[in-house]
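Chain by chain, the residues run as shown.
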Amino acid sequence: MGEWFHCNTCFIQPGEGIMFHLTSCGHIYCEKCLKQTSGERCCMCSSQYTAMMLTTEMKPEVEVYFTEPLDLVNKNLKCLKQLIQVIDFQMNHRKRFFSHLKDMMSLLHAHCVRANQDITEIIKLREENSYLRRLVHEKGNKNLKYSVEAIVHYFVFEPAQQNLVGYIVE
Ligand SMILES: [Zn+2]
Ligand SMILES: [Zn+2]
(Lines give C-alpha, C1' and ligand atoms only; values in the text may rest on other atoms or scores of the structure.)
(Ligands and ions follow the chains in the order given, each with its own letter.)
Protein backbone atom coordinates (compact mmCIF):
# COMPACT_ATOMS: atom_id res chain seq x y z
CA MET A 1 0.00 0.00 0.00
CA GLY A 2 1.13 3.55 -0.61
CA GLU A 3 2.06 6.13 2.00
CA TRP A 4 -1.47 7.55 1.72
CA PHE A 5 -3.05 4.45 3.29
CA HIS A 6 -4.23 4.88 6.89
CA CYS A 7 -7.08 4.26 9.29
CA ASN A 8 -9.48 7.17 8.92
CA THR A 9 -9.99 7.36 12.66
CA CYS A 10 -6.67 6.69 14.42
CA PHE A 11 -4.36 7.33 11.40
CA ILE A 12 -2.39 4.16 11.95
CA GLN A 13 -0.69 2.85 8.82
CA PRO A 14 -0.11 -0.74 7.67
CA GLY A 15 2.18 -2.76 9.90
CA GLU A 16 2.73 -6.20 11.34
CA GLY A 17 -0.55 -7.82 12.35
CA ILE A 18 -2.74 -4.79 11.64
CA MET A 19 -5.85 -5.55 9.58
CA PHE A 20 -7.83 -2.92 7.71
CA HIS A 21 -11.41 -2.77 6.44
CA LEU A 22 -13.02 -0.82 3.66
CA THR A 23 -16.58 0.37 4.18
CA SER A 24 -19.25 0.56 1.49
CA CYS A 25 -19.16 4.35 1.90
CA GLY A 26 -15.47 4.35 0.92
CA HIS A 27 -13.73 4.80 4.28
CA ILE A 28 -10.87 2.77 5.75
CA TYR A 29 -10.73 1.59 9.35
CA CYS A 30 -8.29 -0.53 11.26
CA GLU A 31 -9.68 -3.59 13.02
CA LYS A 32 -9.72 -1.85 16.39
CA CYS A 33 -11.55 1.32 15.20
CA LEU A 34 -14.02 -0.71 13.17
CA LYS A 35 -14.99 -2.74 16.27
CA GLN A 36 -15.68 0.51 18.11
CA THR A 37 -18.13 1.66 15.39
CA SER A 38 -19.54 -1.78 14.58
CA GLY A 39 -23.30 -1.72 14.11
CA GLU A 40 -23.33 2.07 14.11
CA ARG A 41 -22.95 4.71 11.47
CA CYS A 42 -19.62 5.50 9.83
CA CYS A 43 -17.53 7.93 11.89
CA MET A 44 -16.53 9.83 8.79
CA CYS A 45 -19.79 10.28 6.89
CA SER A 46 -22.52 8.94 9.19
CA SER A 47 -23.73 6.46 6.56
CA GLN A 48 -24.91 3.00 7.44
CA TYR A 49 -22.27 0.72 6.01
CA THR A 50 -21.09 -2.76 5.29
CA ALA A 51 -17.37 -3.46 5.62
CA MET A 52 -14.98 -5.82 3.88
CA MET A 53 -11.54 -6.86 5.05
CA LEU A 54 -8.68 -5.66 2.87
CA THR A 55 -6.54 -8.63 1.85
CA THR A 56 -4.19 -9.42 -1.02
CA GLU A 57 -7.09 -11.09 -2.79
CA MET A 58 -9.71 -8.44 -3.51
CA LYS A 59 -12.25 -8.12 -6.29
CA PRO A 60 -10.77 -6.25 -9.29
CA GLU A 61 -13.26 -3.39 -8.89
CA VAL A 62 -12.01 -2.90 -5.31
CA GLU A 63 -8.36 -3.69 -5.95
CA VAL A 64 -8.11 -0.95 -8.57
CA TYR A 65 -8.41 1.69 -5.79
CA PHE A 66 -5.24 0.33 -4.19
CA THR A 67 -3.20 0.13 -7.38
CA GLU A 68 -0.30 2.47 -8.18
CA PRO A 69 -1.68 5.08 -10.60
CA LEU A 70 1.38 4.69 -12.87
CA ASP A 71 0.74 0.95 -13.13
CA LEU A 72 -2.83 1.76 -14.17
CA VAL A 73 -1.55 4.19 -16.80
CA ASN A 74 0.82 1.59 -18.25
CA LYS A 75 -1.90 -1.05 -18.25
CA ASN A 76 -4.33 1.32 -19.98
CA LEU A 77 -1.67 2.36 -22.50
CA LYS A 78 -1.45 -1.27 -23.59
CA CYS A 79 -5.25 -1.33 -23.96
CA LEU A 80 -5.12 1.93 -25.89
CA LYS A 81 -2.49 0.56 -28.29
CA GLN A 82 -4.60 -2.55 -28.82
CA LEU A 83 -7.67 -0.38 -29.36
CA ILE A 84 -5.86 1.62 -32.05
CA GLN A 85 -4.72 -1.62 -33.74
CA VAL A 86 -8.29 -2.96 -33.71
CA ILE A 87 -9.72 0.26 -35.15
CA ASP A 88 -6.98 0.33 -37.80
CA PHE A 89 -7.58 -3.31 -38.73
CA GLN A 90 -11.34 -2.84 -39.10
CA MET A 91 -10.97 0.47 -40.93
CA ASN A 92 -8.69 -1.08 -43.56
CA HIS A 93 -11.24 -3.81 -44.23
CA ARG A 94 -14.05 -1.26 -44.33
CA LYS A 95 -12.11 0.82 -46.89
CA ARG A 96 -11.44 -2.27 -49.02
CA PHE A 97 -15.14 -3.19 -48.99
CA PHE A 98 -16.29 0.35 -49.84
CA SER A 99 -13.78 0.43 -52.68
CA HIS A 100 -15.26 -2.82 -54.01
CA LEU A 101 -18.79 -1.39 -53.76
CA LYS A 102 -17.63 1.72 -55.63
CA ASP A 103 -16.19 -0.45 -58.43
CA MET A 104 -19.45 -2.41 -58.62
CA MET A 105 -21.43 0.83 -58.86
CA SER A 106 -19.20 2.02 -61.72
CA LEU A 107 -19.66 -1.30 -63.51
CA LEU A 108 -23.42 -1.16 -63.01
CA HIS A 109 -23.51 2.40 -64.32
CA ALA A 110 -21.54 1.38 -67.43
CA HIS A 111 -23.99 -1.50 -68.05
CA CYS A 112 -26.95 0.90 -67.68
CA VAL A 113 -25.44 3.33 -70.18
CA ARG A 114 -24.79 0.47 -72.61
CA ALA A 115 -28.34 -0.88 -72.11
CA ASN A 116 -29.78 2.60 -72.80
CA GLN A 117 -27.72 2.84 -75.98
CA ASP A 118 -28.94 -0.61 -77.05
CA ILE A 119 -32.55 0.34 -76.37
CA THR A 120 -32.16 3.55 -78.39
CA GLU A 121 -30.62 1.52 -81.22
CA ILE A 122 -33.47 -1.03 -81.10
CA ILE A 123 -36.09 1.74 -81.22
CA LYS A 124 -34.30 3.28 -84.20
CA LEU A 125 -34.12 -0.09 -86.01
CA ARG A 126 -37.80 -0.75 -85.34
CA GLU A 127 -38.70 2.64 -86.80
CA GLU A 128 -36.57 1.89 -89.85
CA ASN A 129 -38.12 -1.56 -90.14
CA SER A 130 -41.59 -0.08 -89.89
CA TYR A 131 -40.70 2.49 -92.54
CA LEU A 132 -39.42 -0.21 -94.88
CA ARG A 133 -42.50 -2.36 -94.36
CA ARG A 134 -44.70 0.61 -95.12
CA LEU A 135 -42.77 1.31 -98.32
CA VAL A 136 -42.98 -2.33 -99.41
CA HIS A 137 -46.69 -2.34 -98.71
CA GLU A 138 -47.25 0.91 -100.61
CA LYS A 139 -45.19 0.03 -103.65
CA GLY A 140 -45.98 -3.67 -103.84
CA ASN A 141 -43.35 -6.37 -104.09
CA LYS A 142 -43.43 -6.78 -107.86
CA ASN A 143 -42.72 -3.10 -108.54
CA LEU A 144 -39.96 -2.74 -106.00
CA LYS A 145 -36.44 -3.38 -107.22
CA TYR A 146 -33.42 -2.86 -105.08
CA SER A 147 -29.93 -4.28 -104.96
CA VAL A 148 -28.36 -6.09 -102.00
CA GLU A 149 -25.46 -3.73 -102.28
CA ALA A 150 -27.74 -0.72 -101.90
CA ILE A 151 -29.41 -2.16 -98.79
CA VAL A 152 -26.04 -2.93 -97.20
CA HIS A 153 -24.88 0.56 -98.02
CA TYR A 154 -28.03 1.99 -96.47
CA PHE A 155 -27.68 0.15 -93.15
CA VAL A 156 -23.91 0.43 -92.81
CA PHE A 157 -23.00 3.80 -94.23
CA GLU A 158 -26.12 5.93 -94.43
CA PRO A 159 -28.68 4.84 -91.89
CA ALA A 160 -30.74 8.05 -92.07
CA GLN A 161 -34.23 7.31 -93.33
CA GLN A 162 -34.30 10.06 -95.93
CA ASN A 163 -31.41 8.41 -97.82
CA LEU A 164 -33.36 5.19 -98.29
CA VAL A 165 -35.58 6.64 -100.98
CA GLY A 166 -32.60 7.04 -103.32
CA TYR A 167 -31.87 3.28 -103.22
CA ILE A 168 -35.36 2.20 -104.02
CA VAL A 169 -35.82 2.08 -107.73
CA GLU A 170 -39.27 1.75 -109.17
ZN1 LIG B 1 -7.92 2.96 13.65
ZN1 LIG C 1 -18.21 6.59 5.62
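Cut-offs applied
Residues numbered from 1 in each chain as written. Chains lettered and ligands numbered in written order. Predicted model: local features only at pLDDT ≥ 70, side-chain atom pairs only at ≥ 80, totals over all residues. Helix = DSSP H or I, 4+ residues; strand = E, 2+ residues; numbered from the N terminus. Buried ≥ 20, exposed ≤ 12 C-beta atoms within 10 Å, placed from the backbone. Contact = placed C-beta atoms within 7 Å. Core = buried A, V, L, I, M, F, W, Y, C linked by C-beta atoms within 7 Å. Expected span 1.5 Å × (residues − 1). Pairing = 2+ DSSP bridges. Axes fitted to C-alpha atoms, helices over the stretch in contact; angles between N-to-C directions.

A. View of the overall build of the protein chain. When its secondary structure is counted, the protein chain shows 4 helices and 3 strands. Put simply, the protein chain runs from its N terminus to its C terminus through helices and strands in the order β-β-α-β-α-α-α. Every one of the 170 residues in the protein chain was classed for burial, and the buried ones make up 7%. If you take every contact in the protein chain between residues at least 6 apart in sequence, the share linking residues at least 24 apart comes to 37%.

B. Main features of the environment of Thr50. Relative to the helices and strands, Thr50 is located in the loop between helix H1 (31–37) and strand S3 (51–53). By the C-beta count within 10 Å, which is 9 here, Thr50 ends up exposed. In this structure the C-alpha to C-alpha distance between Thr50 and Gly39, which are 11 residues apart in sequence, comes to 9.2 Å.

C. Expanded view of the nonpolar core. With 7 residues, the main nonpolar core is built from Cys7, Phe20, Ile28, Tyr29, Cys30, Cys33 and Leu34. At the level of secondary structure, the elements contributing two or more residues to this core comprise strand S2 (28–30) and H1. If one sorts the elements of this core by residue count, S2 sits on top with 3 residues. Apart from residues no more than four positions distant in its own chain, Tyr29 is found in contact with Cys7, Asn8, Thr9, Phe20, His21, Thr23 and Leu34.

D. Molecular detail of helix H3 (residues 69–139). Between its first and last C-alpha, H3 extends 103 Å over 71 residues, near the 105 Å set by a 1.5 Å rise per residue. Little of H3 is tucked away: 0 of the 71 residues are buried. Following H3 by one or two positions, Gly140 has its phi on the positive side, about 85 degrees.

E. Structural view of the pairing of strand S1 (residues 20–23). As paired elements, S1 and S2 share 3 bridges and run antiparallel to each other. Counterpart to His21 in the pairing with S2 is Tyr29. Linking S1 to S2, which pair antiparallel, is a turn of 4 residues; within it Gly26 sits at a positive phi near 90 degrees. When S1 meets S3, the two strands line up antiparallel, connected through 3 bridges. Residue pairing for S3: Thr23 is matched across the bridge by Ala51.

F. Molecular detail of the sheet that holds S3. The antiparallel open sheet is built from 3 strands, whose spatial order is S2-S1-S3. Two strands close off the open sheet at either side, each with one partner strand: S2 and S3. Strand after strand, the sheet turns through a mean of 30 degrees between neighbouring axes, direction not considered.

G. Region of the structure containing the environment of Met53. Structurally, Met53 is set in strand S3. Sequence separation between Met53 and His21 is 32 residues, and the spatial gap between their C-alpha atoms is 4.3 Å. Discounting chain neighbours no more than four positions away, the residues touching Met53 are Met19 and His21.

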